[in-house]
Each structure stands twice: as structure tokens, then as C-alpha cells.
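Commentary on secondary and tertiary structure
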2 protein chains.
Amino acid sequence: MEKDCVHVFAPATVANIVCGFDVLGFALDEPGDEVTLRRTDKTGVHLVNITGDGGRLPREAEKNTVSASVMTFLKHIGRTGIGVEIELHKQMPVGSGLGSSAASTVAGLFAINTLLGSPLSRRDLLPFAIQGEALACGHGHADNVAPALLGGITLVRSYEPLDVIALPAPQSLYAAVVFPHVDVPTRDARQMIRTKVSLKEAVVQWGNIAGLVSGLFTADYDLIGRSMHDVLIEPTRAILIPEFYEMRKLAMDAGALGFGISGSGPSVFAFVQSRETAARITSAIQSHLMQQGIESNGYVSGINLEGPREVNS
Amino acid sequence: MEKDCVHVFAPATVANIVCGFDVLGFALDEPGDEVTLRRTDKTGVHLVNITGDGGRLPREAEKNTVSASVMTFLKHIGRTGIGVEIELHKQMPVGSGLGSSAASTVAGLFAINTLLGSPLSRRDLLPFAIQGEALACGHGHADNVAPALLGGITLVRSYEPLDVIALPAPQSLYAAVVFPHVDVPTRDARQMIRTKVSLKEAVVQWGNIAGLVSGLFTADYDLIGRSMHDVLIEPTRAILIPEFYEMRKLAMDAGALGFGISGSGPSVFAFVQSRETAARITSAIQSHLMQQGIESNGYVSGINLEGPREVNS
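Basis of the calculations
- Sequence order as written defines residue numbering, which begins from 1 separately in each chain.
- All chains are assigned letters beginning at A, and all ligands numbers beginning at 1, according to the order in which they are written.
- Thresholds applied to this predicted model are a pLDDT of at least 70 for local features of residues and 80 or more for the giving and counting of side-chain atom pairs; totals over whole chains, interfaces and linings are not thresholded and use all residues.
- Side-chain calculation: all heavy atoms of the structure are included, whereas hydrogens and water are not.
- UniProt positions are given in the numbering used here, feature names are shortened, and annotations may be inferred rather than shown by experiment.
- The helix count covers DSSP runs of H or I at least four residues long, the strand count covers runs of E at least two residues long, and both are numbered beginning at the N terminus.
- In this description, contact between two residues means that some pair of their heavy atoms is separated by no more than 4.5 Å.
- Throughout, the edges of the domains are those of an automatic or database domain assignment.
- Here the quantity called buried area is the total loss of accessible area, with a 1.4 Å probe, experienced by two parts when brought into contact, counted for both.
- Any carboxyl oxygen of Asp or Glu that lies within 4 Å of a side-chain nitrogen of Lys or Arg is treated as forming a salt bridge with it.
- Two N or O atoms form a polar contact when they lie within 3.5 Å of each other; inside protein one atom must be a possible hydrogen donor and the other a possible acceptor, and for residues adjacent in sequence the pair counts only when both atoms belong to side chains.
- Buried, partly exposed and exposed residues are distinguished by accessible area as a fraction of the type maximum, computed with a 1.4 Å probe on protein chains only: under 20%, between the cut-offs, and over 50%, respectively.
- The copies were overlaid by least squares, fitting only the C-alpha atoms of residues that reach a pLDDT of 70 or more in each copy.
- Whether two strands pair comes down to DSSP finding at least two bridges between them.

Before going further, it helps to spend a moment on the UniProt feature "binding site: ATP" (unreviewed entry) in chain A. Residue and element names in this part refer to chain A. The feature "binding site: ATP" (unreviewed entry), as annotated in UniProt, sits at Pro 93, Val 94, Gly 95, Ser 96, Gly 97, Leu 98, Gly 99, Ser 100, Ser 101, Ala 102 and Ala 103 in this numbering. Considering the arrangement of structural elements, one finds Pro 93 in the loop between β4 (83-90) and α2 (100-115). Setting aside anything within four residues of it in sequence, one finds Pro 93 in contact with Ser 100, Phe 179, Asn 297 and Tyr 299. Relative to the assigned elements, Ser 101 resides in helix α2. Setting aside chain neighbours within four positions, we find Ser 101 in contact with Thr 65, Glu 133, Ala 136 and Cys 137.

Once that is clear, we can look at the domain arrangement of chain A. Residue and element names in this part refer to chain A. Taken domain by domain, chain A comprises domain 1 (5-168) and domain 2 (174-302). Taking only C-alpha atoms, the centre of domain 1 and the centre of domain 2 are 24 Å apart. Counting residues at the interface gives 32 residues for domain 1 and 38 residues for domain 2. Ranking the residues of domain 1 by area buried against domain 2 places Val 18, Cys 19 and Phe 21 at the top, with a combined share of 26%. Taken together, the links from domain 1 to domain 2 amount to zero salt bridges. Applying the counting rule to domain 1 against domain 2 returns six residue pairs in polar contact (both at pLDDT 80 or more). Going through the elements one at a time, β1 (5-15), β2 (24-40) and α3 (122-137) are the ones with two or more residues in the side of domain 1 that touches domain 2. The element best represented in the side of domain 1 that touches domain 2 is β2, accounting for seven residues.

Tallied over the full model, the rule gives 30 salt bridges over all chains. Note that Glu234(A) and Arg248(A) form a salt bridge whose closest N and O atoms lie 2.6 Å from each other. Note that Glu234(A) is positioned in helix α8 (residues 234-237) and Arg248(A) in helix α9 (residues 244-253), a separation of 14 residues in sequence. Residue Arg248(A) is classed as partly exposed on the basis of its relative accessible area of 23%. The partner of Asp163(B) in a salt bridge is Arg157(B), with the nearest N and O atoms 2.7 Å apart. We classify Arg157(B) as buried; its relative accessible area is 8%. Here the salt bridges do not stand alone but share partners, grouping Glu2(A), Asp4(A), Arg39(A) and Arg79(A) into one network.

What follows is about the relation of the copies chain A and chain B. For these two chains of identical sequence, chain A goes onto chain B by a turn of 180° and a shift of 0.0 Å along the axis, with RMSD 0.0 Å. Here the copies are linked by what is in effect a two-fold axis. By residue overlap, the copies meet face to face through one surface: 100% of the interface positions of chain A are interface positions in chain B.

Listed as interface residues are 35 residues of chain A and, on the opposing side, 35 residues of chain B. When residues of chain A are sorted by the area they lose upon contact with chain B, Arg157(A), Leu199(A) and Trp206(A) head the list and together hold 27% of the total. For the interface between chain A and chain B, the tally reads two salt bridges. Linking chain A with chain B are eleven residue pairs in polar contact (both at pLDDT 80 or more), by the criterion used here.

Residues and elements named next belong to chain A. Counting buried residues in strand β5 (residues 153-159) gives six out of seven residues, a clear majority hidden from the surface. Across three bridges, the pairing between β2 and β5 is antiparallel. Across the sheet, residue Phe 26 finds its bridge partner in β5, namely Ile 153. Where β5 and strand β6 (residues 162-167) come together, six bridges link them in antiparallel fashion. What sits directly across from Leu 155, in β6, is Ile 165.

Take a look at the structure:
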């Protein structure tokens, strides 16, 4: 059934999950972005309002990932004749490493699909979301958009052809997330990474990702924690994140299963076995950062199994 | 309860499973090796007989992996005062890439542990088996000894500390295995491999290992097959295996889920969904090799969940 107005929330996401660079990610309960789509008599896609981005995002419909993705979607299903007004309400920081552009893109795509009576399945929206990421980040990665769109924990097994696998989320798995207010542009963080790695270290890395996936399937929290090591990318990226090793120590001392960088940072996250521990870790890290004069946002979240959802305006 | 004589079978194994270089492996129902241990009044470990190796294995007790592992075991549990005679009956080819030394070592260790009333658990035997591999192959890998000892499909998540995870084997998973009679020494096969790899290819590889592990847990045979790709090691090792790509084509055309090199070769294997398909593939590959003037051994096997077992002499 088609609608006149849709209001959608899509979640922030943590990509990589330490040992799964470019292939693993999971969705958070909070934060996230909201998009409102409204039909209008004026043909075309109109980006009428963006709030919460501090003026950082493009206002031209062709350059903004939300409106551009909606346009691509409409072209694909042959509905370019309709008129749509888009409002984007960013409720999460831009450039945080929490999949900010993915949350916006997914919210927009889920909204337009819902507005038109869901002609496509969620999975079918994925290629459009990846295209949106390419526009926003210069690289069409799926490790944020896949969990933002499908919810839960996802594995991007392959890009050609696209093959995204839903992994199970053990029931008592929670995330403590902190976004320190320091600037680490995604493009720069990617460029610092070595393009060649030693086979020996790569073997360590894929032993760990295999261990992490096993731990998720068996709800073996200890194995999940033992597997959360990144010998290849983290040592380089951690350089750009002030207090990284101090934050890790605080998290691990407070009972985290594992700790690492969210996406390309500067946000960090810990997996823990209870909401209380997650809250304690978030608070300990934020206090520490504050002592160093670094402001931050802290989040305590379960694994968001739902992905994007319609909300009341 | 201690015994006077023990006769043990331990299975051949397929290491790597295509995308899990150095970390994955599984045990076969056949072939395998047999070891007989008999108490004697003469103190010490005596290697009294080896059959089936064509004279290729060391006859000195200190240099043979079976007797050397038994000695290390006895030293560890403080029983060097006893006398043991060892017979090793090789019932599988040496240098085949099917974990020949691992089968012998595991048979010996399981036999001595059983002879002495099982003072150690199976898992506790693993470090001794890895030491045995180091003696036999110059490198203490666990990707053959772990499945030979524990049965099933195993993941060596980490060596330091040693962390071996048992993975589930879907019920209808079978292996077609062919050992072409060509010589590919393990040491040379290892040395040909690049020590540096591109991060991009490593990401493809760990996407696949994560997919394979997921497929094993969900018994998703199609996903298992889609994940069985090795972009890093196979292209190099395949050079040493005549007719490799022709064998793959035969296997895939006949309905294999995936196909690859067993360990460092020259044996190859296919995963399939029925014993009949496995038999058809083994036979097709062997006929093809015969036309090229290459003799071979063929095996059709389920996943051996048991590992080593006592047998009647």
C-alpha cells in the first residue's frame, strides 16, 4: 500500500568488529538518523531540510547521499514521475566512524520503498545503499550499510557478486560506544593503511575472524573476546585516536570481552555481556577523556536486530 | 586402566579447506595409519617395525615422529621407566598432502595414552602432536594434527596460546579425495608461497573463511561452496599439481560444492552433498589422470567425527 508520508529511523553501525576489516559490522539501538519523506505535486526529489549536521552535508539533491539514493531507486523502479520532499534529521555525529552516512542513506531508501508500498525487499535495497556510500565516502563499502539495512551482525562475504550473510547475535551481547570529539576523516584513515601485509599476520587475522564467527554462533562470549584482535589495521589507525590504549585498558579492566575501533574511528567500542557493564565502561572512558580535555558522546546499546523502522513523527 | 597392548587407527586429514590456510582442517574416514603399542620388559621406546612406507621414514626412534612423540609424552608424565615396542603400519601414502605424519603421530600418542589408562585428555595430547609435526615437517603446524586428534572439522584460532575450536560438520557433507602420484614436497610447496600479500586479497580471503564457518554452522551447503575460494595460496600451489584446473572442472561439473588442494598437495578434494556424488567425482578425476598417464589413489569419505580409535589387531 502506497503512503503520503513516511518517517523512518535507521541505526548507527560499528564496522569491522576488530578482526573483520571491511567485512563485518553490527547495528546499534542508538544513535541513528531520521528521514521524513512526503509526497508533493512538484515532480522530482527535493531535499527540503537537513538538521543536526552543523551545515556539513551537501544541500544539493544530486550530491547528498539520501536524495541521490532516492533518485537512483526511483529510476530503477521506473517512478521518476512522482514528487518527493525529503527531510534529513541527523541525530548522530558526522565523521564519527559510526556509519553516519550509511544511517542516512538507509533511512532514505527504507522510507522511499515504504512510501511506495515496498516494491523491493530489504535485501534488494542493498546495492542502492552501497552506491550511496560511494557518493558519501568515495568508496562503496557495505560493512556499514549492510547492518544498518538488515539489522543484527552482518558479514559481507563477497562484493562480486554481492553476498551478505546474517550472523546470529548472542542474547547477552551489548556494546559500549564512545565517540571522542577529534577529527579523523575516513578517507585519510583508509589511506594510512598498508596495502601489503605479511601472510603470517593475515593468517592470524583470519584465524580470529573464524573464531569470532564461531563464537557468535555458539554464544561463546569468551571465544568472542579471545578473537577480538586486529594485528593489521588497528596498530596504524590507533595512532590517530588519542588515548586509544588507555581507553582499551579501562574497558578491559571493567570486564569488556573485547575492545576496538569502530570503523575507521575515532569512535571506539567494547563488546560486553551486560547493559550495566556497558554503561560502566562508557562512563569510565568518557570521564577519562574529559580529564584529557576531550569531549565525547557515549552510547550503551544492545545489538539492534531490526535495522530501519517506521517511527511516529 | 592400564593395558599391555593397544592397536590404534588415526585418520588422514585435509588441511586448509581452500580458504582457511594454516587454520582449518577436517578428518577423513579413510585412509589413515595404524600403530600397535606393546609393553616390554626392556626399558625405553623401541620402534620395532614400520610397514607400508616403502622405506621412506626414519627407523631411529629419536627421529621418527611416532616414537619421538611417545618419548616426549612419557617424559612429560614421568613414565620414562617403562618399556614400549612400537609398530607403525602406514596405510596411506607419504607426502600426499593428506596429513600422513599427523595420522602416524596422533595414532602413536593416542595409543600410548590409552595404554597408560588415559592420564591425559585428547586435547592435552595436542601440544605433543604439534611437536611431532615439527619433527616430521620442519614446522609445528596444527591444521592436520588437530582434526586427526579431535575428529570433525577444526579451527586453529591461535598458536600462542594454542586455541583449537571444534566446528560442526553438516550431516550430508562428504569428501571426494584424489592423490595423484606426483611428488610435491611439503617444504618446497611452502617456500613457493609469497610472504607478502595484498590487503585487498587478504580481505577477500577472510570474507570467505567467515562465510565457510557460517555455512558449517547453518548447514548451508550453497554458502559452503560459495566460500571455497582461495585467491592467495592456490594459484601458486596449483602450478605444482598437473591437471589441477581440469580436475576442478570435472569435480564442479559433477556437482561438487567446492574443490581445492588438500594441505600443500598434490592431493585434491571436493566437498559434496552425497556419497554417490563423491564416488562419481573421485572416479571421474582418476580416469582423467589415468588418461594423462598419472596413477592415483581415490577416496570417498564422510567427515570423520571420531578421530583416532582403538581397533582390533
